[in-house]
Structure formats: structure tokens, C-alpha cells
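Listed below, chain by chain, are the residues.
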Amino acid sequence: MIYRFYDEDDTNSKNDQRDCGPGVETGQNNKVPDSEAVASLSEACPYLRKLELIDSHTRVSLFSTDSPMHSARHPCTKYRDQLTDSSLPALASLSFLTHLTLAGLQNVRHGRGLVDITRGCGQLSYLSLAYLGLQADCTFLPALCEALKHATNLADFRLEHRYMSISSRLIQSLASCTKLRRLCLITETGCVERSASFGVLIESCAQLTLLLVITNDSETARRSMRRETKNKKKTRAQLSVVFGSTEDVRNQRGRHDTLKFVSHQDLRELVLFDSHVCQPELHMDIT
């Protein structure tokens, strides 16, 4: 499990990282905190802006490197089962939080803590969720749809789950995030429901520059989605729309063909899954 955080604007960030409660370590050799440590985090680090809780065994469809995540991280299996739904509400008091990544947290099931987070973290602009809860059932989606309605400043959103269906309710909830700029939805075996309309999403989110959807839909279904969004794109020259298949992204050539119209910046910052805080090359002063 990877646990990383970084307060990029706080001049006392180094001190904050040393005094963040029991069971917490930062830097390259991270230990993931237990639920008690998560609960104490907001009190110890009130100016926290970027937070990642990533299980190092997480497998996602699009990596930023060719190396398996477990070989590039430092797993701490002792704590991997201790982050649960009851751990998440404590993060809601991090009122300065702007970036949040949650990945591979298998005991986050109903996800109601996500509602607390978006209500409490009004500055949240970046949210990445991958493989929360059970692998065979995306049980947190109803709570996520409710949470998105409160994410008024959300600009970047990435969601991935093996068995997720992209429903009309999810698209409608995303449409309420009117400041959304980049959206990435990935499901290995799931499809887009027929009633879901990406045209509505594009109309509601005037600042949207990237819509990337990778599913197990047929080529016929993806062609239909492209037709729906084509007319919307005519007046939005800055908007890139990609509908790809999970089969294509499993090999290097197919991945290149699918993502060739996505900018390098969008790939690095959102589409390709990776840790984005406390990277040595970005924050050499953090130890």
C-alpha cells in the first residue's frame, strides 16, 4: 500500500510530514496508515493539498510505465485491509485538499464517505478512483453519483473499475460538475448503457477539453457514441473525444492508436495511472 501526501504551498510542509500521527511515514519508503492514523491526518496536517492512498498491488489498464506497480512501489501488506468505508469521512475536514487519489482499497464498499469528502473538501479539483471495493461488483457507484453533485470545483476526474457499467445516472452526475475539463472513464468488461448521453455532458461542461472512454462496447456501439458527440465537437475545437476498447489498450500498438490524439500532458497528468505527489524529481526537498 502506498500512502503519500504533499502540501505544495505550506512553508512548513516538512514539519507537517514529520508530525502526522501514528503509523505514518512519508517519502519513498511509505507505510500506509491504519484507520486511526487516517482519522488523525486532518488534525495533524490541516493544510494538506494532495493525498494518495494506493494499494501497491493495484492493477490498472493504463500504466504510466511498463513496470508493474508492485515493483515500482514499496508494499506494506500489514495495513492493506484496514482502510474501509469508515476511514474516508475523516478526510472531509481537509478543507484545503485539491488532489485526491484512491486506488485498490478493497474494503471501501458502499463509498458513502465519498459524499462526505466532496461536501467537506470544497477546493477538490482532481479526483482519481481506481478499483475500489469488490472486483466483481462496483457497489460504490450510487454514493459516487451523489458525491459528484457536491464536487463543484472538480476539473479532472478519472474512474476505473473492471466490472463498472457507465450508467445514465453517472453521466448526469458528471454533467453537474460544470467546471470539468478532463474526464477519463475505464472499464475492462463493462459497457455504456444505451440511455447514457455524452452529448448532454458536453453541453453542460463548457470547459471540457478531454473526454476519454474505454469500455468493452462493440465497435458498432462506439461508432454510435462518436456520431452523437460529433455535432457537439463542431463548435468545440479544443475538445478531444476518444472512445476506445479495452481489447485495444492491452497491446502497445492498439494503445498507441487509441491514445494518439491525446496530448502528452493529458496522458501524464490524468489518463496514465501513476503517483503524482512526492515524486523525487518534482520535490527534491521532501525526504
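In this report, the structure presented in the accompanying data block is examined. (Residues numbered from 1 in each chain as written. Predicted model: local features only at pLDDT ≥ 70, side-chain atom pairs only at ≥ 80, totals over all residues. Heavy atoms only, no water.)

1. Description of the overall build of the protein
Looking only at helices and strands, one finds 10 helices and eight strands in the protein. Going through the 287 residues of the protein one by one, you find that 54% of them count as buried. Put simply, of all contacts in the protein between residues at least 6 apart along the chain, 80% involve residues at least 24 apart. Of the roughly 12800 Å² of accessible surface on the protein, 47% is carried by carbon and sulfur atoms. (Helix = DSSP H or I, 4+ residues; strand = E, 2+ residues; numbered from the N terminus. Buried < 20%, exposed > 50% of the residue type's maximum accessible area, 1.4 Å probe, protein only. Contact = heavy atoms within 4.5 Å. Areas by Shrake-Rupley, 256 points an atom, 1.4 Å probe, with all protein chains shown as cover.)

2. Observations regarding helix α4 (residues 113-120)
Every buried residue belonging to α4 is among Gly-113, Leu-114, Val-115, Ile-117 and Thr-118, and all of these are buried. Buried-residue contacts for α4 involve β3 (99-103), β4 (126-130) and α5 (141-148).

3. Focus: unusual backbone geometry
Its identity is not glycine, yet Tyr-131 carries a phi of approximately 55 degrees, on the positive side. Checked against the element boundaries, Tyr-131 lands in the loop between β4 and α5. Residue classification places Tyr-131 among the buried positions, given a relative accessible area of 11%.

4. As for the pattern of salt bridges
Under the criterion given, the structure shown has 12 salt bridges. When the shortest N-O distance is used, the salt bridge between Asp-156 and Arg-181 registers 3.5 Å. Of the two residues, Asp-156 sits in strand β5 (residues 156-160) while Arg-181 sits in the loop between α6 (168-175) and β6 (182-186), which places them 25 residues apart along the sequence. Arg-181 sits in the partly exposed class, given a relative accessible area of 32%. The partner of Glu-269 in a salt bridge is Arg-268, with the nearest N and O atoms 3.7 Å apart. By relative accessible area, Glu-269 is classed as partly exposed at 24%. (Salt bridge = Lys/Arg side-chain N within 4 Å of Asp/Glu carboxyl O.)

5. A closer look at the side chain of Glu-52
Position of Glu-52 among the secondary structure elements: in strand β2 (residues 50-54). A relative accessible area of 2% places Glu-52 in the buried class. Side chain to side chain, Glu-52 and Ser-275 meet in a polar contact 2.6 Å long. (Polar contact = N/O pair within 3.5 Å; in protein donor to acceptor, adjacent residues only side chain to side chain.)

6. Details of the environment of Asp-116
If you trace the backbone, Asp-116 turns up in helix α4. The spatial distance from the C-alpha of Asp-116 to the C-alpha of His-150 is 9.3 Å, given a sequence separation of 34 residues. Ignoring sequence-local partners within four residues, the contact set of Asp-116 consists of Pro-89 and Ala-92.

By themselves these figures say nothing about function.
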